[in-house]
Amino acid sequence: MPNDRDALFASVDALLAQAAVQDALPEPAERKRLREAGGLSQDQVAKALSVRRETITSWELGRTEPRAPKRAAYIRLLEGLAERFPAQGTHAHGGTPTVATPGASHASAATTPPPAPAEAPASAPSPGTAPASAPAPVPESAPVPAPTRPAGTGRTGPSSTPSSSASLPSTSRRPPARNAAGKTPAKGPAATPTAPPPAADPRFAHGPLAVLDGDGSAYSVDGLVLDCPATTFPALVDWALNEAKLGAPRLHRHGKDADPLVVITADAAERLGLPGELADRRGLRLPEDHQVVRQLLRAKWRLTRRGFGPWPRIYRPAQGGERQCVQFAILPWGALDTRSWGDSGQLPPAELARVLGSYATRVITPRGSTAVCGLELMTALRPPTRAVRDAATGSWVSGPNPGALAEPVDPAPPEAPGEHPVVAAHYPRHHERTPDQILDEEAFDWFRPLTDEECARGYAYGVGIDVNMAFAAAANRLTVGTGAATHVSSPAFDPKLPGTWLVDLSHIDLDPRLPSPFTPKGTRPTGPAWYATSTVAYAVELGARVQPAEAYVRYEHGAYLDAWYTRLRDAYMATMADLGVAAGMPDDEFLAAMALHKDADPGQAAVLSAIKSSVKGGIGKLRERPQGIGYTYGERWPALERPTWSPHIRAELIGKARTNMHRKMRKLASAGVFPVAVLSDCAVYLSHGPGPLDFLPRTEDGKPLPGGFRLGVSPGMVKHEGTQDFLWVASMIEDEQINPARHIKGSDAAVGGE
């Protein structure tokens, strides 16, 4: 029958169409890249496709696949994004990058505006005009690349299969690259691959950095060893820029590529004419008349305002939009702080290259302390400027990048630290500001006396639990101000508007066995005080009526820290996986893995420590205070000239982390479980057993209490911090008057960076 045949053919056509659609969907990682390249949030895509945000997350992780009719619409979106933001590749001859986009036609890079003009270091003059040609764009925030070995960059030992790729030009007297094992095998566990992906930019074929030893061997990522014949710093700078092929692509399409990093060992420092230690222990820099500094100046190189210290940056002003800058790290001068990097500075060069390369690949190429790196990562992911076309001349010029911190702004008076000029204009130098004069959003430091009931219940232990990456987790989807503050009187509180609010929360009653969420010391407020939006919003969540007397609000705002959180989260999770701790592990397996994870790979344990330090240090840099004995009260200091000097963002984030912590403690309190001490992201509970599973409440079916603390590796979940016996806890509280959370793991949590 014709109708039957037509129906059958229609069914077959539908199957063919479905098969074609199935093939057209790109890989999960590419789906995420395309969305981020287009500057779209998961919420925006979910709203357009009439699905939940969690569905988009699942599609981008490859957990589930979209079904008709959503699938066709999703593919249409991805194909449109692929045409605008193609994946970056390279021509066979190393020219302009080419693209390959599944299910979409190739697009010309010339249709995309060029990046913002290259930026010189802080002390450099203004750069030249924007480049005339437009390189292929990169995503808004590039995902952490999958580690893999670069092809054709060197030999990997006698058993290696020869590469079919053409060899790179020789950079010295020896072959351009060789495996570290061919010289001196690195000690320690098997190396975790940290090299760029196969389609890496040929300009950075040897990775982001190299560790230079005294014999001229420069150890790069993935075991590669380059030959560096330079014996002076000017020659070393030239080698790093012209022959070494070091560096990393920008993390944002409006950003700049990472400068090469050359790490100088003690033997290499001696070879280059550097002293074994700095005589200037206060300024931490070489004197201007030192021979190395004079050599650089004679060669027309410049030093940044920091001078030649443990992290010197050597540059020439950008010409034609091209940066000429090399970052150095001088190991014998303490470039790698042991509080952040452990004993990494004592590792063999090849192993140190692996450690630093892992951090550079997952987070950012180191360019100073981990605090500096954490702050620089914000700028790398949200550059302050972008290239815009001048309507009058038609040329590309630098303009502000929407959603970024584009220029320095003064804080509102309550937000400013005591030395700031806006405070000095209102109060004398030694004036102690009261809560209605200063915004005091800091982490918890609270403990309380034990109750008679707690002393009589026969508890044997005090057990500490610590929230993983608590401050990074608070940054997730946090709306912060990106512009200047506006003062308003008697405003209606708006939980979606970032700002600083003067409001009285002293009337809110809470169980005395819990800290007050409104003060760092956990004590009840005594009257009006200044609070960030996150804290006032939590008061409203608790059922309080709030009526601010005044506020400083920021009408320019956005989720500025989202990309920063995502990259640090991914770096943290990948490093924990390398250490044998994965998401989704059963509670007992997770606790067992955490007990051993730092011993699994000391190098990756150092990377983990550096990632954590980057989070807290980067947040601290948002309100960097003046340094040095030469500072005069009330004067401006250099940090104030950074767009990222934003104490209101720090306050908003810490307030969010503190109220997140309180919300979970309140949930446990509903089950009759109360903390006795809290320090930052660590809470101490009394327990009959030595571990978290002995006191964390569970539902009738054995699952973790919803809304409470949950064991796991993900940011926001908790791990076991430490255990002490009950008498020790009681003595710390009653006799020593010391917060037991500070020492629950047997050491000072503040010193340990926890």
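Residues numbered from 1 in each chain as written. Predicted model: local features only at pLDDT ≥ 70, side-chain atom pairs only at ≥ 80, totals over all residues. Heavy atoms only, no water.

### Topic: helix H3 (residues 42-49)
Residues spaced three or four apart along an α-helix face the same direction, because each turn holds 3.6 residues. What H3 keeps buried is the set Gln-42, Val-45, Ala-46 and Leu-49. Viewed end-on, H3 has its buried residues packed into an arc of 100 degrees, placing them on one side of the element. Exposed residues lying more than 90 degrees from the buried face of H3 are Lys-47 and Ala-48. Contacts from the buried residues of H3 go to helix H2 (28-37), helix H4 (53-61) and helix H5 (70-84). Looking at the residues trailing H3, positive phi occurs at Ser-50, about 60 degrees. (Buried < 20%, exposed > 50% of the residue type's maximum accessible area, 1.4 Å probe, protein only. Helix = DSSP H or I, 4+ residues; strand = E, 2+ residues; numbered from the N terminus. Arc of directions from axis to C-beta. Contact = heavy atoms within 4.5 Å.)

### Section: the pattern of salt bridges
For the coordinates displayed, the defined rule picks out 34 salt bridges. The salt bridge involving Arg-203 is made with Asp-201; its shortest N-O contact spans 2.6 Å. Accessibility expressed as a relative area gives 12% for Asp-201, which makes it buried. Asp-601 serves as the salt-bridge partner of Arg-354, at 2.8 Å between the closest nitrogen and oxygen. Taken together, the residues Arg-354 in helix H10 (residues 349-362) and Asp-601 in the loop between helix H17 (587-600) and helix H18 (602-621) connect sequence positions 247 residues apart. Under the relative-accessibility criterion, Asp-601 is labelled buried at 5%. Overlapping salt bridges, with partners in common, bring together Lys-32, Arg-569 and Asp-570 in one network. (Salt bridge = Lys/Arg side-chain N within 4 Å of Asp/Glu carboxyl O.)

### A closer look at the pairing of strand E10 (residues 396-400)
Here strand E9 (residues 385-389) runs beside E10; their pairing, made up of 5 bridges, is antiparallel. Bridge pairing in E10 places Thr-385 opposite Pro-400. Connecting the antiparallel pair E9 and E10 is a turn made up of 6 residues, with Gly-394 showing a positive phi of about 80 degrees. (Pairing = 2+ DSSP bridges.)

### Brief notes about empty space enclosed by the protein
Tallied over the entire structure, the rule returns 6 cavities of 30 Å³ or more. Reported here for the second largest cavity is a volume of approximately 80 Å³. Lining the second largest cavity are Pro-414, Glu-415, Ala-416, Ile-438, Leu-439, Glu-441, Glu-442, Arg-623, Pro-647, Arg-650 and Ala-651. Grouping the constituent residues of the lining of the second largest cavity by class yields 6 nonpolar, no polar and 5 charged. (1 Å grid on protein atoms, 1.4 Å probe; cavity = no way out; pocket = protein on both sides within 12 Å on 5 of 7 lines; lining within 4 Å. Points joined across faces, edges and corners; volume = space filled by probe spheres on them. Nonpolar A, V, L, I, M, F, W, Y, C, P; charged D, E, K, R; others polar.)

### Section: the sheet that holds strand E21 (residues 718-725)
Taken in spatial order, the 5 strands of this open sheet run E11-E19-E20-E12-E21, and their pairing is antiparallel. Of all the strands in the sheet, the pair left with one neighbour each is strand E11 (445-447) and E21. Ignoring strand direction, the axes of neighbouring strands in this sheet form an average angle of 20 degrees. Of the strands in this sheet, E11, strand E12 (461-467), strand E19 (675-679), strand E20 (682-687) and E21 are in contact with helix H20 (residues 726-734), which crosses E21 at around 85 degrees. (Axes fitted to C-alpha atoms, helices over the stretch in contact; angles between N-to-C directions.)

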